Amino acid sequence: MKEFTYTITDPAGIHARPAGILVKKTQPYASEITLVKGDKQANGKSMLSVMGLGARNGDEITVQAEGADEADAIAELEAFFKENL
């Protein structure tokens, strides 16, 4: 399993537009993608699950990928978080 931790800097947190883009980025990967905020976990391939985290500005999110292409998935998602969230 590969993972990274990121603190949300977007003033609006993970709202609908970036959540939708995030979910689209996870779709091509065979790996399971999980977002963790505190004691909540979300399936990174599900828009409702990602929105259900309620991630706001300043929240720390851990993104985990487990599977055959986990290294590629984590690299792309980490770049996405830094550029958009």
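For the protein, an unreviewed UniProt entry supplies the name HPr family phosphocarrier protein and the organism Candidatus Pseudoramibacter fermentans.

A. The environment of D69, seen in detail. For D69, the position within the fold is in the loop between β4 (60-66) and α3 (70-84). Accessibility expressed as a relative area gives 17% for D69, which makes it buried. Here the alpha-carbon distance between D69 and P28, two residues 41 residues apart in the chain, equals 9.9 Å. Residues contacting D69, with those up to four places away along its chain left out, are P28, Y29, A30 and S31. Reaching out from D69, the side chain makes a polar contact with the backbone nitrogen of A30 at a distance of 2.9 Å. A polar atom in the side chain of D69 sits 2.5 Å from the side chain of S31.

B. A look at the sheet that holds β4. Reading across the sheet, the 4 strands line up as β1-β4-β2-β3 and stay open at both edges, with antiparallel pairing between neighbours. Both outer strands of the open sheet, β1 (2-7) and β3 (40-43), are each paired with one neighbouring strand and no more. Pairwise comparison of adjacent strand axes, ignoring direction, gives a mean angle of 20° for this sheet. As judged from the 4 bridges shared by strand β2 (residues 32-37) and β3, these two strands associate in the antiparallel manner. Of the residues in β3, the one forming a bridge with V36 is Q41. In this fold α3 packs onto β1, β2 and β4, with an angle of close to 10° to the strand it touches most, β1.

C. Representation of the pairing of β4 in the model. The buried count for β4 comes to 5 of 7 residues, which makes it a mostly enclosed element. In this sheet, β4 lies alongside β1 in antiparallel orientation, the contact comprising 6 bridges. When the bridges of β4 are listed, T5 appears paired with T62.

Rules and cut-offs
- Residues numbered from 1 in each chain as written.
- Predicted model: local features only at pLDDT ≥ 70, side-chain atom pairs only at ≥ 80, totals over all residues.
- Heavy atoms only, no water.
- Helix = DSSP H or I, 4+ residues; strand = E, 2+ residues; numbered from the N terminus.
- Buried < 20%, exposed > 50% of the residue type's maximum accessible area, 1.4 Å probe, protein only.
- Contact = heavy atoms within 4.5 Å.
- Polar contact = N/O pair within 3.5 Å; in protein donor to acceptor, adjacent residues only side chain to side chain.
- Pairing = 2+ DSSP bridges.
- Axes fitted to C-alpha atoms, helices over the stretch in contact; angles between N-to-C directions.

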